[in-house]
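Chain and residue survey
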Amino acid sequence: ALSMLGTTAGLYVIPWCKESLLLTTLMSVIGGSMGILDTGANVLILNTWGSESGPHLQALHFSFAAGAFLAPILAKMALGGSESEELAGTEKTNQSVLKSVPTASAASTTPAPKDHHDGDFLWSYIIIGTYILFVSIFLFALYSKSSSAKDKSKGSAQKGKLAKYHWPLVGLLFVFFLFYVGAEVTYGSYVFTYATIFAEMTESEAAALNSVFWGAFAVCRGAAIFGAAFLSPATMIVISLVCSAASSSALAFFAHYRALLWAGTAVYGASMAAVFPSGISWIEQYTVIEGKSASLFVVGGALGEMCIPAVVGYLQGTFHHIPVLTYAVLVTSIMTVLLFPVMHKLANIPQENDLKEVSDSETRKALLTNSRLTEEEEEEEEEEDVKEWNDADFEVVEMNDKLKNSVTDSSPRIPRDSPAEVSLQPHLDNVLGDSPVVTDGSPGRQNGIVDWEKSE
C-alpha cells in the first residue's frame, strides 16, 4: 500500500515538473516504489497461500506482462492520430525521414500539437495515478483488517525451517534471476533493431516481431496460472529452460531463415514467461522466504535488467557485423541451464536434524523388526515343543501297541495245559490296564512270570 501511494505521488507531480533534477528525483521515487511493490507482493502471496501459492504468483506476474503489453497500445490510442505524433515517432527511428522534413514546416506546426501533446500526457498521468491511488486505499483497508491473518502468517513462517545452505541457495538464485531477467529485457529491447539491421525487415515487420515476443510472453504467463495447479515448479522451470535453450540456439545459428526467426522469437518469449514466479515457488518449498530473501531476488533481476542490455548495446556498437543479441541470448540460456541443477542439488541436501530423525526412525524400525522376529521365534519354539510332545505321545502309543503285539505273539509259545496260561491273562491286564497281578498261588509260577517280564 505504501509503495502504491508513493507511485501515485510521483505520477501526480511529474507532469508539472520543469526541472531535470526534480524529475530525476521523482522518477527515482517511482522506481523505488515499484521495487518495493515487486518484493512485497511476492512475499505477501507466499505468506497468504503458502505451499499453494504457485498459481497466485503466476497470476501476479501475468498482470505485469499484461500491463507491459497493453500500455504501449493504450498510450498510442491516447496520444496517436495526430500528424506530429507520427512524425515524432519517425524521427526517433529513422534518420532519413528526419532529413527529408523541411525545417520551416516542422517549426510552424510545432506549437499547436505541443499543447495537445502536453494535455494528453497530463491526463494520462492523472488517470493512471488515480487508479493506483484507489488500489493503495484498498490495500490499506485490507491491512487494517488483517492483524489476525498477519499473526497467523508470521506463526506459520516461524514454524518453517531454513535449508542447510539457505544463503548460498539464495545467492545462486540471485545470479539465476540476473541472467534470466537480463536476457528477457535485452531481447525485448533490441529485437526491433536486430530485425531491421541483420534480418533486413521493414519497420512494420520488426514491430510485429517485437509484438510476437511480448504477446507470447503474456499469453504463456496467463496459461502458467492454470499450469501451476497441475505441474510442480521444478517441472515448469525445466520445461522453460529446455525451450529457452532450443529457441536461443535456433536464433543464434539459424536466424537468417525468416521462419526460424519468427518461430524462435515466439518460443523464446513463451519459454521466458513462467521462470521468475516458478523460481520463487520452487525455493519456497525448501526454505523460508521472507523480505530479505525476496528483495535479493528482485535486486538480482533489476541488476540483470540494467547491466546486460547495456553490455549488449556497447558490444553491438563496437562489433557492427556480429549479431551480439542472439549470442548474448544463447549465453544467458546456457548459464541458467547450468545453474538450476546446482541449485536443485544444493536444496535437496538434508540437514543434520533430518539425518538424526532418519536414523532414529531406522532404529525404531529395527527394534520393531527385532521384537517381531523374537515373537515369531517364540511362536516357532512353542510349535516345535508341541510337535515334540505330540511325537512323544505317538511314540508311547506305538510302544504300547508293540508291547501288546509282542505279548500276543509270545502267548502261543506257552503250552495250553501249562499253569502259566492261567497267570498270563492277569499279567497282561497288569501291563496294559495297571490292574494288580493275580497268580494261582504258586511262587514258582509267579517268579517265572516276573522273570519273563524282565526279560521282555
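Going by an unreviewed UniProt entry, the protein chain carries the name MFS4B protein and comes from Sterrhoptilus dennistouni. Here the protein chain is described in UniProt, under the heading Subcellular location (unreviewed entry), as follows: "Membrane". Recorded in UniProt under Sequence similarities (unreviewed entry), the annotation for the protein chain is "Belongs to the major facilitator superfamily."

Once that is clear, we can look at the overall build of the protein chain. Helix and strand counts for the protein chain come out as 18 helices and 0 strands. Per-residue burial for the protein chain yields a buried fraction of 31% across its 456 residues. Partitioning the intrachain contacts of the protein chain with sequence separation of at least 6 by distance along the chain shows that 78% fall at a separation of at least 24. In the structure as shown, the protein chain presents an accessible area of about 27,800 Å², 64% of it carried by carbon and sulfur atoms.

Here we come to the packing of helix H11 (residues 233-254) against helix H13 (residues 275-284). Contact geometry for H11 and H13: axes closest at 8 Å, N-to-C directions at 145°. At the point where H11 passes H13, the crossing takes the left-handed sense. Across the interface between the two elements, Pro-233, Ala-234, Met-236, Ile-237 and Ser-240 from H11 touch Val-275, Ser-278, Gly-279, Ser-281 and Trp-282 from H13.

In this structure the tally under the stated criterion is 11 aromatic pairs. When the centroid spacing of 5.2 Å and the interplanar angle of 55° are considered together, the rings of Tyr-187 and Phe-213 count as tilted. Within this pair, whereas Tyr-187 is found in helix H9 (residues 166-197), its partner Phe-213 is found in helix H10 (residues 203-227), the two being separated by 26 residues in sequence. By relative accessible area, Tyr-187 is classed as buried at 1%. Aromatic side chains Phe-213 and Tyr-268 sit 6.2 Å apart centroid to centroid with 25° between the ring planes, which places their arrangement in the stacked category.

This brings us to helix H14 (residues 291-318). Taking 1.5 Å of rise per residue, the 28 residues of H14 would be expected to cover 40 Å, and the 40 Å separating its terminal C-alpha atoms lies within 8% of that figure. Looking at the buried side of H14, the elements it contacts are helix H2 (20-49), H9, H13 and helix H15 (324-347).

With that out of the way, let us pick up the UniProt feature "transmembrane region" (unreviewed entry) in the protein chain. UniProt records the feature "transmembrane region" (unreviewed entry) at residues 20-45, 57-75, 122-144, 165-183, 261-283, 295-315 and 321-342, using the numbering of this structure. The span residues 20-45 carries 100% helix and 0% strand; its end-to-end C-alpha distance comes to 37 Å.

In this structure, Phe-176, Tyr-187, Leu-261 and Trp-282 are the most contacted members of the largest nonpolar core, which totals 58 residues. Counting residues per element, this core draws most heavily on H9, which supplies 16 residues. The two domains that each donate at least three residues to this core are domain 1 (1-79 + 119-144) and domain 2 (165-349). Excluding its chain neighbours within four sequence positions, the residues that come into contact with Phe-176 are Leu-241, Val-275, Thr-336, Leu-339, Phe-340 and Met-343. Counting 7 residues, the second largest nonpolar core, distinct from the first, contains Met-4, Leu-11, Cys-17 and Ile-132.

All right, on to the state of the cysteines then. Counting across every chain of the model gives 0 disulfides. The structure places no disulfide on Cys-243, whose sulfur is separated from the nearest cysteine sulfur, that of Cys-220, by 9.0 Å. Classification of Cys-243 by relative accessible area gives partly exposed; the value is 31%.

The next point concerns unusual backbone geometry. For Glu-200, which is not glycine, the phi torsion reads 55° and is therefore positive. For Glu-200, the position within the fold is in the loop between H9 and H10. Of the residues examined, Glu-200 reaches a relative accessible area of 65% and is grouped as exposed.

Across the protein chain, the average pLDDT comes to 75, with 64% of residues at or above 70. For the stretch residues 81-113, pLDDT sits under 50, and the model shows 10 contacts to residues farther than four places along the chain or on other chains. Counting interchain partners and residues more than four positions distant, the pLDDT-below-50 stretch residues 410-428 has 20 contacts.

This brings us to helix H12 (residues 258-271). If you check H12, its first and last C-alpha atoms are 20 Å apart, about what 14 residues at 1.5 Å a residue would give, namely 20 Å. Those residues of H12 that are buried lie in contact with H9, H10, H11, H13 and H15.

This part is about the pattern of salt bridges. Counted by the stated rule, this structure contains 1 salt bridge. Between Arg-258 and Glu-205 there is a salt bridge; the shortest N-O distance is 3.9 Å. Here Arg-258, found in helix H12, pairs with Glu-205, found in helix H10; they are 53 residues apart in sequence, far enough to count as distant. In this structure Arg-258 comes out as partly exposed when scored by relative accessible area, which is 37%.

On the surface, Phe-253, Phe-254, Tyr-257, Leu-260, Val-311, Tyr-314, Leu-315, Phe-319, Ile-322 and Tyr-327 cluster together into a nonpolar patch covering about 980 Å² of accessible area. Listing elements by their share of the nonpolar patch, those giving two or more residues are H11 and H14. Relative to the assigned elements, Ile-322 resides in the loop between H14 and H15. Under the relative-accessibility criterion, Ile-322 is labelled partly exposed at 38%.

Mapped onto the fold, Ala-328 is located in helix H15. A relative accessible area of 18% means that Ala-328 is categorised as buried. Sequence separation between Ala-328 and Ala-252 is 76 residues; the distance between their C-alpha atoms is 8.7 Å.

This paragraph deals with the packing of H10 against H12. In contact at an axis separation of 6 Å, H10 and H12 are set at 35° when each is read in the N-to-C sense. H10 and H12 meet at a crossing whose hand is right-handed. Here Glu-205, Ala-208, Leu-209, Val-212, Phe-213, Ala-216, Phe-217 and Cys-220 of H10 lie close against H12, whose contacting residues are Arg-258, Leu-261, Trp-262, Thr-265, Ala-266, Tyr-268, Gly-269 and Ala-270. A per-class count over the contact of H10 with H12 returns 12 nonpolar, 2 polar and 2 charged.

Criteria and thresholds
Residues numbered from 1 in each chain as written. Predicted model: local features only at pLDDT ≥ 70, side-chain atom pairs only at ≥ 80, totals over all residues. Heavy atoms only, no water. UniProt positions renumbered as here; feature names shortened; annotations may be inferred. Helix = DSSP H or I, 4+ residues; strand = E, 2+ residues; numbered from the N terminus. Buried < 20%, exposed > 50% of the residue type's maximum accessible area, 1.4 Å probe, protein only. Contact = heavy atoms within 4.5 Å. Areas by Shrake-Rupley, 256 points an atom, 1.4 Å probe, with all protein chains shown as cover. Axes fitted to C-alpha atoms, helices over the stretch in contact; angles between N-to-C directions. Left-handed = near helix turned anticlockwise from the far one by under 90°. Phe/Tyr/Trp six-rings, centres within 6.5 Å; stacked < 30°, edge-to-face > 60°. Expected span 1.5 Å × (residues − 1). Core = buried A, V, L, I, M, F, W, Y, C linked by side-chain atoms within 4.5 Å. Domains from an automatic or database assignment. Disulfide = S-S within 2.5 Å. pLDDT = per-residue confidence, 0-100. Salt bridge = Lys/Arg side-chain N within 4 Å of Asp/Glu carboxyl O. Patch = residues over 30% accessible without salt bridge, like charges linked within 9 Å, V, L, I, M, F, W, Y side chains within 5 Å. Nonpolar A, V, L, I, M, F, W, Y, C, P; charged D, E, K, R; others polar.

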